[in-house]
Amino acid sequence: MFNHVMVGSNDIARSKEFYNALLATLGVGEPVTNVTAGGATRLFYFHPEGLFCVSEPIDGEAATIANGATIGFKCNSPEQVKIFHDVAVANGGTSIEDPPGLRQAGLGPMHLAYVRDPDGHKLCAIYRVPA
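On a predicted model such as this, the values are computed, not experimentally measured, just so you know.

A. Main features of the side chain of Asp117. Relative to the elements of secondary structure, Asp117 occurs in the loop between strand E7 (108-116) and strand E8 (122-128). Despite its burial, Asp117 pairs with no opposite charge, the nearest such side chain being Arg14 at 6.6 Å. In terms of polar contacts, Asp117 uses its side chain to reach the side chain of Tyr19, at 2.6 Å. Within polar-contact distance, the side chain of Asp117 engages the backbone nitrogen of Gly120 at 2.8 Å. Apart from residues no more than four positions distant in its own chain, Asp117 is found in contact with Phe18, Tyr19 and Leu123.

B. Highlighting the sheet that holds strand E2 (residues 32-35). In space, the four strands of this open sheet follow the order E1-E4-E3-E2, with mixed pairing throughout. Either end of the sheet is taken by a strand with one partner, and the two such strands are strand E1 (4-8) and E2. Averaged over all neighbouring strand pairs, the angle between strand axes comes to 20°, with direction disregarded. Pairing geometry for E2 and strand E3 (residues 41-47), over four bridges, is antiparallel. When the bridges of E3 are listed, Val32 appears paired with Phe44. Here helix H1 (residues 12-24) sits on the sheet and contacts E1, E2, E3 and strand E4 (50-55); the angle it forms with E3, its principal contact strand, is near 10°.

C. Quick look at the environment of Gly101. Within the secondary structure, Gly101 is located in strand E6 (residues 94-105). With 97 residues separating them along the chain, Gly101 and His4 place their C-alpha atoms 27 Å apart. Excluding its chain neighbours within four sequence positions, the residues that come into contact with Gly101 are Met110, His111 and Leu112.

Conventions and cut-offs
- Residues numbered from 1 in each chain as written.
- Predicted model: local features only at pLDDT ≥ 70, side-chain atom pairs only at ≥ 80, totals over all residues.
- Heavy atoms only, no water.
- Helix = DSSP H or I, 4+ residues; strand = E, 2+ residues; numbered from the N terminus.
- Buried < 20%, exposed > 50% of the residue type's maximum accessible area, 1.4 Å probe, protein only.
- Lys, Arg positive; Asp, Glu negative; His and termini not counted.
- Salt bridge = Lys/Arg side-chain N within 4 Å of Asp/Glu carboxyl O.
- Polar contact = N/O pair within 3.5 Å; in protein donor to acceptor, adjacent residues only side chain to side chain.
- Contact = heavy atoms within 4.5 Å.
- Pairing = 2+ DSSP bridges.
- Axes fitted to C-alpha atoms, helices over the stretch in contact; angles between N-to-C directions.

As structure tokens, this is what we get:
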């Protein structure tokens, strides 16, 4: 259903360092870097299931976070959820909400971890326990 997700950054070099480390936990390699005609730098991280992008805002204004928005990254195991979390925190992210672990929600059992990236975007690592 989705092709890509893009977040804004006020420090593209810091974001590249953060997301290179974080997305490597999901098997994603180095991004393709693009510079717009207006000079905004964008990073495109390719994965077989979609595209994650980080961009300096093309309108020249400061990047801001979306209140209420969360970007969820699918993990292959509970261990990968924990690694995602720990790598995020080790690379300038902030752990938020409950510690990484199993949650019993109305959508079935799942392992979750929530972090904020250095620009404040809320990220979730999720592994759904098979039925």
